[in-house]
Amino acid sequence: MAVRVQHDDFDVSAETEKLIGGRTDVGAIVTFTGRVRGADNERQVASLTLEHYPDMTEAEMARIETEAHARWPLQASLLIHRVGELHAGDNIVLVIAASAHRQAAFEAAAFLMDYLKTRAPFWKKETMPSGETAWVDARAEDDGAADRWR
Amino acid sequence: MDNRTRNVRLLYFAWLREKVGLASEEVELPAGIATVAELVDWLEQRGPQYGEAFARREVVRAALDKVHVKPSAALGEAREIAFFPPVTGG
């Protein structure tokens, strides 16, 4: 189990190898990579700035991860979230869930993302090509997605 | 509730930070403020920037010592109280 908040990019293959490499009891690995879109609805986005609440962010991510391990038989997991200024096409979030069988890995990865999006204290600010900025509003669909795990 | 005043650290994030004009501050909590909602009532009277920040109070979220809480939550012995908009990571 591990969570990380960092500005630097991550390498999905390297992270997966570091987490699982050499283990023979893991039969299923689901990795999810979230990336920055170049447009939000019709609006062009030049860059995103990710603000967070240091310490609470890691604590909340760890609580979410612990909950996933309580619900599914996971053998390993990793959550990485980037902060600072990011651009369209950049990686923003990585979730890895590893289990003996695929269903637990699929479900745990979806759960981890749904909870990350609705509970981990990160905030996105978009900068438009004009230089104008706007805080991103929370989406009701994300709350709905998280509610299905209750 | 007891009558002691005590110091707490308040943190503001995202557009709350911008509206309040501060990322954090130490305040002396007056006696009698027992819940997050009561703290917000008190903050709103400290200046127009607070009134502006908490104008859409139903969307403002709070955490006590880095744990999400509801507005009705008791402040208890919390040292750090954070206010922020709904989260938008991922």
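Residues numbered from 1 in each chain as written. Chains lettered and ligands numbered in written order. Predicted model: local features only at pLDDT ≥ 70, side-chain atom pairs only at ≥ 80, totals over all residues.

Peer 1: Talk me through the overall build of chain B; I want residue IDs and the actual numbers.
Peer 2: Of regular secondary structure, chain B possesses three helices and five strands. Listed N to C, the secondary structure of chain B is β-α-β-α-α-β-β-β in terms of helices and strands. Taken over C-alpha atoms, the radius of gyration comes to 12 Å for chain B, in line with the 12 Å a tight globule of 90 residues would show. Across its three principal axes, chain B shows a C-alpha extent of roughly 40 × 30 × 20 Å. A total of 90 residues make up chain B; the buried ones form 26% of that total. Pairs at least 24 residues apart make up 53% of the contacts formed inside chain B by residues separated by at least 6 positions. (Helix = DSSP H or I, 4+ residues; strand = E, 2+ residues; numbered from the N terminus. Rg over C-alpha atoms; globule rule 2.2 N^0.38 Å. Buried ≥ 20, exposed ≤ 12 C-beta atoms within 10 Å, placed from the backbone. Contact = placed C-beta atoms within 7 Å.)

Peer 1: Tell me about helix α3 (residues 102-119) of chain A, and name the residues and values.
Peer 2: Residues and elements named next belong to chain A. Between its first and last C-alpha, α3 extends 25 Å over 18 residues, near the 26 Å set by a 1.5 Å rise per residue. Every buried residue of α3 is listed here: A104, A105, A108, A109, F111, L112, M113, D114, Y115, L116, K117 and T118. Residues of α3 that are buried in the fold lie against β2 (28-35), α2 (56-71), β6 (74-82), β8 (91-99) and α4 (140-147). (Expected span 1.5 Å × (residues − 1).)

Peer 1: Describe in detail the sheet that holds strand β7 (residues 84-87) of chain A, supporting the description with residues and values.
Peer 2: Residues and elements named next belong to chain A. Here four strands make up an open sheet; going across it, the order is β7-β5-β9-β10 and the pairing antiparallel. Whereas interior strands pair on both sides, the edge strands pair on one side only; in this sheet they are β7 and β10 (133-135). Across the sheet, the axes of successive neighbouring strands diverge by a mean angle of 25 degrees, strand direction being ignored. Both strand β5 (residues 47-52) and strand β9 (residues 122-127) contribute to a ladder of six bridges, which runs antiparallel. Bridge pairing links H52 to F122 in β9. (Pairing = 2+ DSSP bridges. Axes fitted to C-alpha atoms, helices over the stretch in contact; angles between N-to-C directions.)

Peer 1: An account of the interface of chain A and chain B is needed here, citing residue identities and associated values.
Peer 2: With 22 residues of chain A at the contact, the number on the chain B side is 14 residues. Contributing elements (two or more residues each) for the side of chain A that touches chain B: β5, α2, α3 and β9 of chain A. Of all the elements, α3(A) adds the most residues to the side of chain A that touches chain B, at five residues. The class makeup of the residues in the side of chain A that touches chain B is 14 nonpolar, three polar and five charged. (Nonpolar A, V, L, I, M, F, W, Y, C, P; charged D, E, K, R; others polar.)

Peer 1: Go over α2(A), please, and point to the residues and values.
Peer 2: The terminal C-alpha atoms of α2(A) lie 22 Å apart, and with 16 residues this matches the ideal 22 Å at 1.5 Å per residue to within 8%. Those residues of α2(A) that are buried are in contact with β1 (2-6), β5, β6, α3 and β9 of chain A together with β3 (61-64) of chain B.

Peer 1: Any details on the sheet that holds β2(A)? Residues and values, ideally.
Peer 2: Residues and elements named next belong to chain A. One open sheet holds the four strands; their spatial order is β1-β6-β8-β2, and the pairing between them is mixed. Because the sheet does not close on itself, it has two edges, and the strands there are β1 and β2. The sheet shows a mean angle of 10 degrees between the axes of neighbouring strands, taken without regard to direction. Alignment of β6 against β8, held across seven bridges, turns out to be antiparallel. Residue pairing for β8: A76 is matched across the bridge by A98. Together, β2, β6 and β8 form the strand contacts of α3, whose direction differs from that of β8 by roughly 145 degrees.

Peer 1: Now, about the pairing of β1(A): what can you tell me, with residues and values included?
Peer 2: All names here are of chain A. By the alternation rule, side chains of β1 split into V3 and V5, which are all buried, and A2, R4 and Q6, of which none is buried. As defined by bridge partners, β1 adjoins β6 across five bridges and the pair is classed as parallel. Its bridge partner lying in β6, R4 is registered against I80.

Peer 1: Tell me what's going on with the nonpolar core, and back it up with residues and numbers.
Peer 2: Counting residues in each nonpolar core, the largest one holds 53 residues, and the members touching the most others are A:V95, A:A97, A:A108, A:L112, A:L116, B:F13 and B:A82. The greatest single-element share of this core, amounting to nine residues, is contributed by α3(A). (Core = buried A, V, L, I, M, F, W, Y, C linked by C-beta atoms within 7 Å.)

Peer 1: Can you lay out unusual backbone geometry for me, pointing to particular residues and giving the numbers?
Peer 2: Even without glycine at this site, A:D55 takes up a positive phi of about 80 degrees. Residue B:K66 is not a glycine yet carries a positive backbone phi of 70 degrees. Its place among the elements puts B:K66 in the loop between β3 and β4 (67-69). A count of 18 C-beta atoms within 10 Å places B:K66 in the partly exposed class.

Peer 1: Requested: an account of the confidence of the model for chain B, with residues and values cited.
Peer 2: Averaged over all residues, the pLDDT of chain B is 95; the fraction at 70 or higher stands at 96%. Both confidence scores are given for the complex: pTM 0.94, ipTM 0.93. (pLDDT = per-residue confidence, 0-100.)

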